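Here is what each chain is made of, one letter per residue.
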Amino acid sequence: MIDNTSEEKRPLPGLKPLTSALTVYITLVCLSGVLNLLLMLHVLMRRNLYGSVSSFFVLAMAATATYCFAYAFSLTSSTLGQLRFWSVIQYFGMPFAPAFGLLFVMRYLGYRLSGQRVAAMLAIPAMALISNATNEWHHLHYKQYNIHELLGAPYNDIEVGPTYIIMGCYILVCFLASYSMLISRWMDTARPYRQQIVSLFVAQMIPMTTSFLYLIGVTPEGIDPVPMVTGLSSILMWWTIESSRLLTIIPIAKETIFHSISDGVVVLDESGKLVEYNESCRRMFPRMDRSMFGQSLKAVWFTLFGKNDSLPVLNARQQEIEVISAGSGERVYRVRVSPLRQNEKRNQTGTVMIISDITEMKMMQQKLERHAYFDELTQICNRRAFFERCEKEYVKAKRGDVPFTIVLFDIDNFKKVNDTYGHNAGDQVLVHVANIINSCLKENMLFARYGGEEFVLALFGKTVSYGKILAESLRQQIASRPLVLNGTVIRVTSSFGVAEASGDERETLQNLLHCSDKALYEAKRGGRNRVSVYKGARV
Ligand code: GH3
Ligand code: MG
Ligand code: MG
């Protein structure tokens, strides 16, 4: 075989006018190119409708169209230089098309594709392009690239090198990977969408079978038949896009759904043995692993929550259980347990447990409850919590004919405390007073911050005389325990108003509070730092 690379510019002596066979090849290749180009433009213009899945499809079509047109031009070459030039241009499409095709299939089937993964998958096509373009320096892609001795230009006679073989194998791997992915998803794909899978399969099968026939020498010598048949794949894809809305409705495999659920899912068989769990479950409980398949519910529960209590009963009822995991860093989970049936009529064939981590939600809930019912500064009940609880106790006392007393008290001259020591010191005084009262009270006594520097006590089952004695002792405690803040002694006193429920049917809690407020006013008027009992008229 003669290496003709040095004679690139010289037209071959045996150059023939375009033969009829060549005219047919060029027409077919151009037709394929136009079909690929039109389909690419069609999808490109409607990409907003099709979403991200269409991007690799457009790239695959663009690569195939480039391959076709460059090959059509190569078929008009009359010199080796022209043939080589168009061969390099072809490589901007040919090795990339199967890689983009595989990327499209992967995205279509719901695989996550990072930028790095995409770049890695395009590395060999890029290597093939560079290797072909620089072949004249190293002959790694084509050991020999000549014009066919007998047929003349544009038919070529090649002897392939190692990078060509790598590229060929890679293209084959791309096709085989697409096929195996499509086949493996066949069972998971709902019947109406199986046409899409078949079309994708056949569309890739057409160029692959053709290259196989080319390799075994069945197709005309010196001619690459693959570009001619890519048009057929395009027609098939076009038809599938229109008829079964290939790019609009994508059948997401059940497996993908199962693993992308953010809750942990655990599946048990009819005897309660572990048969499956999803990705989220593994992330939530890193100790879960596939060696646990076949283990009992008890063992699985222990791995999940570190304890063996609150186990669900695997019967035909739906249950919802809240579990706090044992050990350090305890978390709260909500486990919904449902029976699994193949269909409505069949008996239970297993159990599915859906596990949600509700730790953050619970914490938020507790925080909101605290905000709603506790005074942030003094950490005692706020006015709202007081009314909710006091109303219940008041009604209960009234019904049971049990005495009920209210003690209302207010810090004396508190404005002066603020003015003299500052607002922050005033706050500390409020906390100090609340702490003193808390230390003197029995548990379960309802004590709340009623307003700014006003507090309230509800004494269920206690008469006004008990209230008076208690108020007097609290008054003394406050007066005798000054707050020492940064070396400054802040003395405060309080005035108290005490009133007992009258037992009158018409009396309300508001009336009673009003009475204690009047008594408090009397205490203030009487000179402050004293206890006053309501003695006026009732309702
Ligand atoms: P009296 O003996 O008549 O009760 O006089 P007083 O100064 O205590 O009463 P007044 O109602 O005139 O003033 C209450 C002051 O309490 C006014 C307000 O600025 C202050 N205050 C209310 N809530 C807070 C609080 O949360 N922190 C602080 N530092 N001051 C508060
Ligand atoms: Mg006051
Ligand atoms: Mg006041």
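In this report, we go over the structure that sits alongside the text. What you see as residue numbers is a count from 1 along each chain, following the sequence as written. Key to labels: chains lettered from A, ligands numbered from 1, both in the order written. With the structure being a predicted model, the display of local features is reserved for residues of pLDDT at least 70 and the display and counting of side-chain atom pairs for 80 or more, all residues being used for whole-chain, interface and lining totals. Note: side-chain values were computed over all heavy atoms of the structure, leaving out hydrogens and water.

**With respect to the overall build of the protein chain**
Here a strand is any run of E in DSSP of at least two residues, a helix any run of H or I of at least four, and the numbering for each starts at the N terminus. Looking only at helices and strands, the protein chain features 20 helices and 14 strands. The globule rule is 2.2 Å times the number of residues to the power 0.38, and the radius of gyration it is compared with is taken over C-alpha atoms. Taking 539 residues into account, the globule formula puts the C-alpha radius of gyration at 24 Å, and the protein chain, at 43 Å, lies well above it. Only protein chains enter the accessibility calculation, which uses a 1.4 Å probe; a residue whose area is less than 20% of its type maximum is buried, one above 50% is exposed, and one in between is partly exposed. The proportion of buried residues among the 539 residues of the protein chain is 46%. To be clear on the numbers: accessible area is Shrake-Rupley with a 1.4 Å probe, and residue cover counts the displayed protein chains and nothing else. Surface accessibility of the protein chain: about 28,000 Å² in total, with carbon and sulfur atoms responsible for 58%. Only four residue types enter the tally: Lys and Arg on the positive side, Asp and Glu on the negative side, with His and both chain ends excluded. Charged side chains are reduced to one point each, which is NZ for Lys, CZ for Arg, CG for Asp and CD for Glu. Each charge class in the protein chain was averaged separately, 56 positive and 46 negative side chains, and the resulting centres sit 6 Å apart.

**A short note on the pairing of strand β6 (residues 332-341)**
Here, any two strands with at least 2 DSSP bridges between them count as paired. In the sheet, strand β5 (residues 319-324) pairs with β6 via 6 bridges, with the strands oriented antiparallel. Across the sheet, residue glutamine 319 finds its bridge partner in β6, namely valine 337. Here β6 runs beside strand β7 (residues 348-357); their pairing, made up of 9 bridges, is antiparallel. Within β7, the position partnered with arginine 341 by the bridge is glutamine 348.

**Some points on helix α11 (residues 226-243)**
For α11, spanning 18 residues, the distance from its first C-alpha to its last is 26 Å, which sits close to the expected 26 Å at 1.5 Å a residue. The set of residues buried in α11 consists of Val226, Pro227, Met228, Val229, Thr230, Gly231, Ser233, Ser234, Leu236, Met237, Thr240 and Ile241. Two residues or fewer after α11 comes arginine 245, characterised by a positive phi angle close to 45°. Helix span, as expected, comes to 1.5 Å for every residue beyond the first.

**Digging into the site of ligand 1**
Distances are taken per atom, and a residue is near a molecule or strand as soon as one of its heavy atoms is within 4 Å of it. Surveying the vicinity of ligand 1 reveals 16 residues, the closest of which are Asn413, Phe414, Asp427, Arg449 and Arg528. Any pair of nitrogen or oxygen atoms within 3.5 Å is treated as a polar contact; in protein, a donor-acceptor pairing is required on top of that, and neighbouring residues in sequence qualify only through side-chain atoms on both sides. Contact between ligand 1 and isoleucine 411: an oxygen atom at 3.2 Å from a main-chain N or O atom of the residue. Phenylalanine 414 is positioned such that a nitrogen or oxygen atom in its backbone is 2.7 Å from an oxygen atom of ligand 1. For ligand 1, the protein covers 66% of the area, taking 650 Å² as the surface of the free molecule. Of all the secondary structure elements, the ones that give two or more residues to the shell around ligand 1 are β8 (404-411), α17 (414-421) and α18 (423-440). Put simply, Ala, Val, Leu, Ile, Met, Phe, Trp, Tyr, Cys and Pro go in the nonpolar bin, Asp, Glu, Lys and Arg in the charged bin, and everything else, Gly too, in the polar bin. Looking at the shell around ligand 1, its residues break down into 3 nonpolar, 5 polar and 8 charged.

**With respect to the coordination of the magnesium ion (ligand 2)**
Here the magnesium ion (ligand 2) is held by Asp410 (OD), Ile411 (O) and Glu453 (OE), and the distances to it run 1.9 to 2.2 Å. Here a donor is an N, O or S atom found within 2.8 Å of the metal, or within 3.2 Å if the metal is Na, K or Ca; sites may look incomplete because water is not among the atoms. Counting the intervening residues between successive donors of the magnesium ion (ligand 2) yields the motif D-I-x41-E. Between the magnesium ion (ligand 2) and the magnesium ion (ligand 3), a spacing of 3.6 Å is present, and a bridge between the two is formed by aspartate 410. Of this pair, isoleucine 411 sits in strand β8 while glutamate 453 sits in the loop between β9 (446-449) and β10 (454-460), and the two are 42 residues apart along the sequence. Note on glutamate 453: relative accessible area 19%, which makes it buried.

**Focus on the pattern of salt bridges**
Only one rule defines a salt bridge in this text: a Lys or Arg side-chain nitrogen within 4 Å of an Asp or Glu carboxyl oxygen. Within the structure shown, the criterion is met by 16 salt bridges. In this structure, the salt-bridge partner of glutamate 322 is lysine 362, at a minimum N-O distance of 3.0 Å. Here the residue glutamate 322 occupies a position in strand β5, and lysine 362 occupies one in helix α15 (residues 359-373), the gap between them amounting to 40 residues. Owing to a relative accessible area of 46%, glutamate 322 belongs among the partly exposed residues under this scheme.

**Details of the pairing of β10**
Of all 7 residues in β10, 6 are buried; the element is thus mostly enclosed. Relative to β10, β8 runs antiparallel, the two being bridged by 7 bridges. Looking at the pairing, threonine 405 lines up with leucine 459 of β10. Bridging between β9 and β10 involves 4 bridges; their strand directions are antiparallel. If you follow arginine 449 over to β10, its bridge partner there is phenylalanine 455. The turn linking β9 back onto β10 is made up of 4 residues.

In short, geometric facts, not functional conclusions.
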